[in-house]
Amino acid sequence: MPWLRRVQLGGVTWRQHIQRCASLAFIPLAVISLGEILGRIAGYFIRKETNRAERDFMDRRMVLADLEAMDTNGDGEVDLFEFLRFMLSSMEKVDKELMDDLKDLFESLDETRSNSIQKEDLILIAQNKKDPWSLRRERMQ
């Protein structure tokens, strides 16, 4: 149909109109694809650098200053919580405030003060109609 090539829509031929419609789909798809590719490349290098930094941190020698920094309650000993808090915050896996919040939550769930959470603790919380999550909410406000 040679006459179809001559038909114009506001100065635009059918062929140009189809090309414009195709570009409306292609350009956003190309931008999204390129962003995904660049994101994966950047993620690879970030993970590689993070793993290297963690290896360097774990391979270093522990010194007396580290032990003193770990001992947050000042009793001269480092318990598991103090060790984990120091290591995770030093490697920037979590911040110290989050670890403090988790410790406070654990202590509020440990009604029997046995340093573990047992069925009895949950029963006491239910009997006292206590909300162990309220402490965390209060600290966040």
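Residues numbered from 1 in each chain as written. Predicted model: local features only at pLDDT ≥ 70, side-chain atom pairs only at ≥ 80, totals over all residues. Heavy atoms only, no water.

## Some thoughts on the pattern of salt bridges
Applying the stated criterion across every chain yields a total of six salt bridges. Between Glu49 and Arg52 there is a salt bridge, with its nearest N and O atoms 2.4 Å apart. Here Glu49 and its partner Arg52 are both found in helix H2 (residues 14–59), three residues apart, which amounts to about one turn of the helix. Judged by relative accessible area, which is 37%, Arg52 ranks as partly exposed. One salt bridge in this structure joins Arg52 and Asp56, with 2.6 Å as the shortest N-O distance. Of this pair, Arg52 and Asp56 both sit in helix H2, four residues apart, which is roughly one turn of that helix. Using a relative accessible area of 42% as the deciding quantity, one classes Asp56 as partly exposed. When salt bridges that share partners are traced, they join Glu49, Arg52 and Asp56 into one network. (Salt bridge = Lys/Arg side-chain N within 4 Å of Asp/Glu carboxyl O. Helix = DSSP H or I, 4+ residues; strand = E, 2+ residues; numbered from the N terminus. Buried < 20%, exposed > 50% of the residue type's maximum accessible area, 1.4 Å probe, protein only.)

## With respect to the layout of surface pockets
Approximately 220 Å³ is the volume attributed to the largest pocket. In terms of lining residues, the largest pocket is bounded by Asn73, Asp79, Phe81, Glu82, Lys103, Phe106, Glu107, Asp110, Arg113 and Asn115. Those elements giving two or more residues to the lining of the largest pocket turn out to be helix H4 (80–90) and helix H5 (96–109). (1 Å grid on protein atoms, 1.4 Å probe; cavity = no way out; pocket = protein on both sides within 12 Å on 5 of 7 lines; lining within 4 Å. Points joined across faces, edges and corners; volume = space filled by probe spheres on them.)

## Topic: the packing of H4 against H5
Viewed as axis vectors pointing N to C, H4 and H5 meet at an angle of 150°, and their least axial separation amounts to 9 Å. Classed by the angle they form, the pair H4 and H5 counts as roughly antiparallel. As H4 packs across H5, the resulting crossing turns out to be right-handed. Along the contact surface, H4 presents Phe81, Leu84, Arg85, Leu88 and Ser89, while H5 presents Lys96, Met99, Asp100 and Lys103. Its residues assigned to classes, the contact of H4 with H5 shows four nonpolar, one polar and four charged. (Axes fitted to C-alpha atoms, helices over the stretch in contact; angles between N-to-C directions. Parallel < 35°, antiparallel > 145°, perpendicular 65-115°, else oblique. Left-handed = near helix turned anticlockwise from the far one by under 90°. Contact = heavy atoms within 4.5 Å. Nonpolar A, V, L, I, M, F, W, Y, C, P; charged D, E, K, R; others polar.)

## Overview of H5
Along an α-helix, a turn takes 3.6 residues, which lines up residues three or four apart on a common side. With 14 residues, H5 should cover 20 Å at 1.5 Å per step; its first-to-last C-alpha distance of 20 Å lies within 8% of that length. Inspection of H5 places Met99, Asp101, Leu105, Ser108 and Leu109 among the buried residues, and these make up the whole buried set. (Expected span 1.5 Å × (residues − 1).)

## Remarks on H4
Within the sequence span of H4, burial applies to Glu82, Arg85, Phe86, Met87 and Ser89. Along its buried surface, H4 packs onto H2, helix H3 (64–70) and H5. The opening residue of H4, the one whose side-chain oxygen lies 3.2 Å from the backbone nitrogen of Phe81, is Asp79. (Polar contact = N/O pair within 3.5 Å; in protein donor to acceptor, adjacent residues only side chain to side chain.)

## So, the side chain of Glu82
Mapping Glu82 onto the fold places it in helix H4. Among buried charged residues, Glu82 stands out as having no salt bridge; its nearest opposite-charge side chain is Lys103, 6.6 Å away. Beyond its immediate chain neighbours, meaning those up to four positions away, Glu82 contacts Met70, Asp71, Thr72, Asn73 and Glu77. (Lys, Arg positive; Asp, Glu negative; His and termini not counted.)

## Digging into unusual backbone geometry
A negative phi holds for most residues other than glycine; trans holds for most peptide bonds. Phi at Glu92 is positive, roughly 60°, even though this residue is not glycine. Secondary-structure assignment places Glu92 in the loop between H4 and H5. Since its relative accessible area comes to 72%, Glu92 is described here as exposed. Even without being a glycine, Arg113 presents a positive backbone phi close to 55°. Take Arg113: its relative accessible area is 55%, and that puts it in the exposed class.

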